[in-house]
Structures are given as C-alpha cells and as structure tokens.
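A structural walkthrough
Take a look at the letters that make up each chain.
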Amino acid sequence: MTSNQVALIDISVPITPELPIWPGDPEPRLEPVSSIAAGDEYNVSRLVLSTHSGTHIDAPWHALEHGARLNTVKLSALVGPCQVVDLSHLERHVEARDLEEASIPHGTDRLLLRTRNSLLWGQRDHIFDPTFIALSPSAAEWIVERGILVVGIDYLSIEPFDGDGTVHRLLLRAGVIPLETLDLRAAGAGPYTLLCLPLDLPLADGAPCRAVLTAPERAL
C-alpha cells in the first residue's frame with residue numbers, strides 16, 4: 001500500500017438475491033434488460049429492491065406519518081469520527097445501562113454497535129433471524145439524551161422484531177439517523193472515521209448506502 005492510499009474497512013453487506021430481507025419486503029433482483037451476448041450493444045440491467053435493502057439509513061418518514069423525507073438528511077452527519085462499541089457479549093436487547101457501562105467517549109456523534117448479530121453475516125445459507133439483537137427503548141432514549149447523530153447496528157433493524165415502532169420513533173423524532181444492516185466483523189471496538197453515502201432519493205423513506213470505516217491513523 002502506498003502512502004497516499006487509504007485503508008478502508010467495508011461495513012456494508014452485498015445486495016444479492018441471497019440477502020436476508022425483512023418479512024414482507026421485496027427481494028432484491030438484478031434482471032437483464034439488454035445483453036451483448038444476445039446481440040445488443042451494451043449490457044444493461046434492471047435493479048429491483050426496497051429502500052431498506054442491505055446497508056441503509058432511515059429517514060424520519062419511515063416511522064413518522066408526517067416525518068421529513070430523505071432529502072432532509074444531511075450528508076455531513078454521515079461522514080466523520082465515529083465510535084464502534086463491542087456489545088457482542090449480550091444475549092438480550094441493548095439497554096441504557098449497557099451503553100452507560102461501555103465507556104463511550106463524551107461527545108461521540110456517530111455510534112456503531114457491534115453485537116453477536118455480526119456473526120450471522122459469516123453463515124452459509126443465512127436466512128432472516130428474528131432473534132437478532134436490537135435497541136430497547138431505554139437505549140434509544142440514552143442515545144437521544146446524549147445528542148448522538150447516527151446510531152448503527154449490525155442487523156436489519158435498530159428495533160427488535162417484535163417492537164411496536166417506539167425505538168424508531170424515539171430516534172427519528174429527535175433527528176437521530178438509524179444506520180442498519182451493517183457487517184462489523186472486521187471492525188474492533190474503538191475510534192474510526194465513518195463514510196456513509198446513501199443513494200440520492202429525495203422523497204424516499206430511506207435509502208441503501210455504501211458504508212466504510214477508516215482507522216484513526218488513516219482518517220480522512
């Protein structure tokens with residue numbers, strides 16, 4: 001690696017037909033429209049997916065009837081110093097006391113939670129697991145009270161599978177951006193720089209994104 005190259009840790013998940021999806025969401029599909037092999041001038045494909053397919057962010061409208069759309073989400077909130085916290089020891093949903101005990105530095109704006117969920121991304125034939133680890137309402141309130149801008153987690157939702165939307169509403173009403181479906185297997189606990197850019201879908205309720213981390217010594 002030359003001195004002007006940046007070491008990146010890709011924390012996104014590949015969007016493929018095998019990607020686990022939230023029950024009821026459309027399955028990702030990449031369908032050929034034209035093909036050089038069939039005599040066409042170019043290979044062109046049609047992409048079909050949910051606004052919450054793979055690694056993605058939520059806009060307020062996702063959980064709030066009159067919430068703001070994706071065009072209100074500031075890209076600056078999604079780029080900058082972040083903290084990865086290892087909660088992989090938990091066998092239950094994250095509570096406020098777990099965050100309090102995690103020694104999260106004061107002033108953290110972007111918080112990524114590494115749980116036992118990340119191990120699921122290494123499994124063959126991985127299908128949706130409704131027992132994934134998520135945030136409890138008390139953890140969401142803790143995040144809001146500390147003025148955190150972005151909170152990420154390593155599965156399809158920041159909220160438990162049997163949640164009633166409380167976690168999403170607490171975060172989104174306060175302007176916290178949920179970053180969901182991360183693969184944090186390669187990111188140990190500690191400080192990084194987050195670079196996360198969603199597709200530009202101005203009126204959407206969320207959007208897939210590519211999310212990467214840089215280590216402190218390589219931070220942009």
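Now for a description of the structure that goes with this document. Given the structure is predicted, the values throughout are model-derived calculations rather than measurements. (Residues numbered from 1 in each chain as written. Predicted model: local features only at pLDDT ≥ 70, side-chain atom pairs only at ≥ 80, totals over all residues. Heavy atoms only, no water.)

Bringing the overall build of the protein chain into the picture now. Summing up its helical and strand segments, the protein chain has three helices and ten strands in all. Start at the N end of the protein chain and walk to the C end: the helices and strands fall as β-β-β-β-β-α-β-α-β-α-β-β-β. A globule of 220 residues ought to have a C-alpha radius of gyration of about 17 Å, and the protein chain, at 18 Å, matches this closely. Its C-alpha atoms put the protein chain at 60 × 50 × 35 Å along the principal axes. For the protein chain, the residues scored as buried account for 47% of the 220 residues in total. Taking contacts inside the protein chain between residues at least 6 apart in sequence as the whole, the part at least 24 apart equals 73%. Working note: accessible area of the protein chain is about 11,400 Å², and carbon and sulfur atoms make up 54% of it. Of note, the protein chain has its 16 positive side-chain charges centred 3 Å away from the centre of its 29 negative side-chain charges. (Helix = DSSP H or I, 4+ residues; strand = E, 2+ residues; numbered from the N terminus. Rg over C-alpha atoms; globule rule 2.2 N^0.38 Å. Buried < 20%, exposed > 50% of the residue type's maximum accessible area, 1.4 Å probe, protein only. Contact = heavy atoms within 4.5 Å. Areas by Shrake-Rupley, 256 points an atom, 1.4 Å probe, with all protein chains shown as cover. Lys, Arg positive; Asp, Glu negative; His and termini not counted. Charge placed at Lys NZ, Arg CZ, Asp CG, Glu CD.)

Between helix H2 (residues 137–145) and helix H3 (residues 166–173), the least distance of the axes is 9 Å, while the angle of their chain directions is 5°. With respect to H3, the element H2 is oriented roughly parallel. Mapping the contact onto sequence places Pro 137, Ala 140, Glu 141, Ile 143 and Val 144 in H2 and Thr 166, Val 167, Leu 170 and Leu 171 in H3. For the contact of H2 with H3, a count of residues per class yields seven nonpolar, one polar and one charged. (Axes fitted to C-alpha atoms, helices over the stretch in contact; angles between N-to-C directions. Parallel < 35°, antiparallel > 145°, perpendicular 65-115°, else oblique. Nonpolar A, V, L, I, M, F, W, Y, C, P; charged D, E, K, R; others polar.)

Right, let's get into a nonpolar patch on the surface. Taken together, the side chains of Val 33, Tyr 42 and Val 44 present a nonpolar region at the surface, about 290 Å² in accessible area. Here Val 44 lies in strand S3 (residues 44–48). With a relative accessible area of 38%, Val 44 lands in the partly exposed category. (Patch = residues over 30% accessible without salt bridge, like charges linked within 9 Å, V, L, I, M, F, W, Y side chains within 5 Å. Salt bridge = Lys/Arg side-chain N within 4 Å of Asp/Glu carboxyl O.)

Counting 24 residues, the largest nonpolar core has Ile 11, Ile 57, Leu 112, Leu 179, Cys 196 and Leu 213 as the members making the most contacts within it. Elements with a contribution of two residues or more to this core: strand S5 (79–86), strand S8 (177–180), strand S9 (190–198) and strand S10 (206–214). Here this core takes four residues from S10, the largest share from any one element. Excluding residues within four positions of it along the chain, Leu 179 makes contact with Thr 55, His 56, Ile 57, Leu 112, Val 150, Val 151, Gly 152, Ile 153, Leu 194, Cys 196 and Cys 209. In this structure, Leu 99, Ile 133, Ala 139 and Val 151 belong to the second largest nonpolar core, which totals 22 residues. (Core = buried A, V, L, I, M, F, W, Y, C linked by side-chain atoms within 4.5 Å.)

Counted by the stated rule, this structure contains nine salt bridges. When the shortest N-O distance is used, the salt bridge between Arg 114 and Asp 86 registers 3.8 Å. Here Arg 114, found in strand S6 (residues 110–114), pairs with Asp 86, found in strand S5; they are 28 residues apart in sequence, far enough to count as distant. A relative accessible area of 19% places Arg 114 in the buried class. Residue class for Asp 86 comes out partly exposed when judged on its relative accessible area of 33%.

Along strand S7 (residues 150–153), one buried face is formed by Val 150 and Gly 152 and the opposite face, lined by Val 151 and Ile 153, is buried too. The pairing of S6 with S7 spans four bridges and is classified as parallel. Note on S7: the bridge partner recorded for Arg 110 is Val 150. Tracing the backbone out of S6, into H2 and back to the parallel element S7 gives a crossover that is right-handed. Note that S7 and S8 share three bridges and pair parallel. Residue pairing for S8: Val 151 is matched across the bridge by Pro 178. For the crossover that starts at S7, traverses H3 and ends in the parallel S8, the hand is right-handed. (Pairing = 2+ DSSP bridges. Right-handed = clockwise from strand over helix to strand, strands pointing away.)

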